[in-house]
Amino acid sequence: DFQDTKQRITMEVGKLVAVIGDEDTVTGFLLAGVGHRTAEGANFLIVKSDTKLQQVEEAFQTFSMRDDVGIILINQHIANDIRHVLKDYNATIPTVLEIPSKEHPYDPEQDYIMQRVNMFLGGGG
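Model, not experiment: these values are computed from the prediction.

Caption draft 1: Up close: the overall build of the protein. When you go through the protein residue by residue, the secondary structure sums to six helices and six strands. The secondary structure elements of the protein, listed N-terminal to C-terminal, are α-β-α-β-β-β-α-β-α-α-β-α. For the protein, buried positions account for 33% of its 125 residues. The long-range share in the protein, meaning contacts at least 24 apart out of those at least 6 apart in sequence, stands at 62%. Looking at the protein as shown, the accessible area adds up to about 8100 Å², and 55% of this sits on carbon and sulfur atoms.

This is the structure we're talking about:
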């Protein structure tokens, strides 16, 4: 039993953080050491004004299916653009966290995790 627990913990240690965000947000996380690039791809997507919505959706789907990703950080204003995809996502890992950007402050009313918390606590939502 102890060996199984130890092995499970060891497997969880190496998870990556994936980032979907504007240039400033992604650059900040890359400078902090979050970036990971292999022949198969990277764990981040820089969303610019000319980035197609389908590309953002595909990046989210790809990150959410990867075994080596534990957390997906996404700028809230970008999450709003793919809200239809996020509402269908119900896995625990990778966990999706919506974060503010320099241009767009965080709004807990738009965060689907906060909406779920309010619903469970009886606050509606």
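Caption draft 2: Summary view of the sheet that holds strand E6 (residues 95-99). If you walk across this open sheet you meet the four strands as E4-E1-E5-E6, and the pairing is parallel. What marks the edges here is a single partner per strand, and that holds for strand E4 (44-46) and E6. Between one strand axis and the next, the sheet turns by 20° as a mean value, whatever way the strands run. Of the strand pairs in this sheet, strand E1 (residues 16-21) and E4 are connected by three bridges, and their pairing is parallel. Residue pairing across strands places Ile20 opposite Leu45, the latter belonging to E4. Here helix H3 (residues 53-65) sits on the sheet in contact with E1, E4, strand E5 (69-75) and E6, set at roughly 170° to E1.

Caption draft 3: Region of interest: the nonpolar core. Formed by 19 residues in total, the largest nonpolar core has its most connected members in Ile20, Phe60, Ile72 and Val96. Where this core is concerned, the elements lending two or more residues are E1, H3, E5, helix H4 (76-81) and helix H5 (83-88). Ranked by residue count, the leading element in this core is H3, at four residues. Leaving out residues up to four positions away in the same chain, Ile20 has contacts with Leu45, Val47, Val56, Ala59, Phe60, Phe63, Ile72, Leu73, Ile74, Asn75 and Ile78. By size, the runner-up hydrophobic cluster in this structure holds seven residues, among which are Val26, Phe44, Leu73 and Ile99.

Caption draft 4: Seen up close, the pattern of salt bridges. Taken as a whole and judged by the stated rule, the model has three salt bridges. A salt bridge links Glu98 to Arg83, with the nearest nitrogen and oxygen atoms 2.6 Å apart. Here Arg83 lies in helix H5 and Glu98 lies in strand E6, a separation of 15 residues in the sequence. The class of Arg83 is buried, set by a relative accessible area of 12%.

Caption draft 5: Quick look at a nonpolar patch on the surface. Taken together, Tyr106, Met114, Val117 and Leu121 make up a surface patch of nonpolar side chains, about 360 Å² in accessible area. Among the structural elements, Tyr106 can be located in the loop between E6 and helix H6 (112-120). Look at Tyr106 and you get partly exposed, because its relative accessible area is 34%.

Caption draft 6: Examining H3 more closely. For H3, spanning 13 residues, the distance from its first C-alpha to its last is 19 Å, which sits close to the expected 18 Å at 1.5 Å a residue. When we look at burial in H3, the residues that qualify are Val56, Ala59, Phe60, Phe63 and Ser64. Along the axis of H3, the buried positions cluster into a sector of 125°, meaning they face one direction only. Facing away from the buried surface of H3 by more than 90 degrees, the exposed residues are Gln54 and Met65.

Calculation rules
Residues numbered from 1 in each chain as written. Predicted model: local features only at pLDDT ≥ 70, side-chain atom pairs only at ≥ 80, totals over all residues. Heavy atoms only, no water. Helix = DSSP H or I, 4+ residues; strand = E, 2+ residues; numbered from the N terminus. Buried < 20%, exposed > 50% of the residue type's maximum accessible area, 1.4 Å probe, protein only. Contact = heavy atoms within 4.5 Å. Areas by Shrake-Rupley, 256 points an atom, 1.4 Å probe, with all protein chains shown as cover. Pairing = 2+ DSSP bridges. Axes fitted to C-alpha atoms, helices over the stretch in contact; angles between N-to-C directions. Core = buried A, V, L, I, M, F, W, Y, C linked by side-chain atoms within 4.5 Å. Salt bridge = Lys/Arg side-chain N within 4 Å of Asp/Glu carboxyl O. Patch = residues over 30% accessible without salt bridge, like charges linked within 9 Å, V, L, I, M, F, W, Y side chains within 5 Å. Expected span 1.5 Å × (residues − 1). Arc of directions from axis to C-beta.

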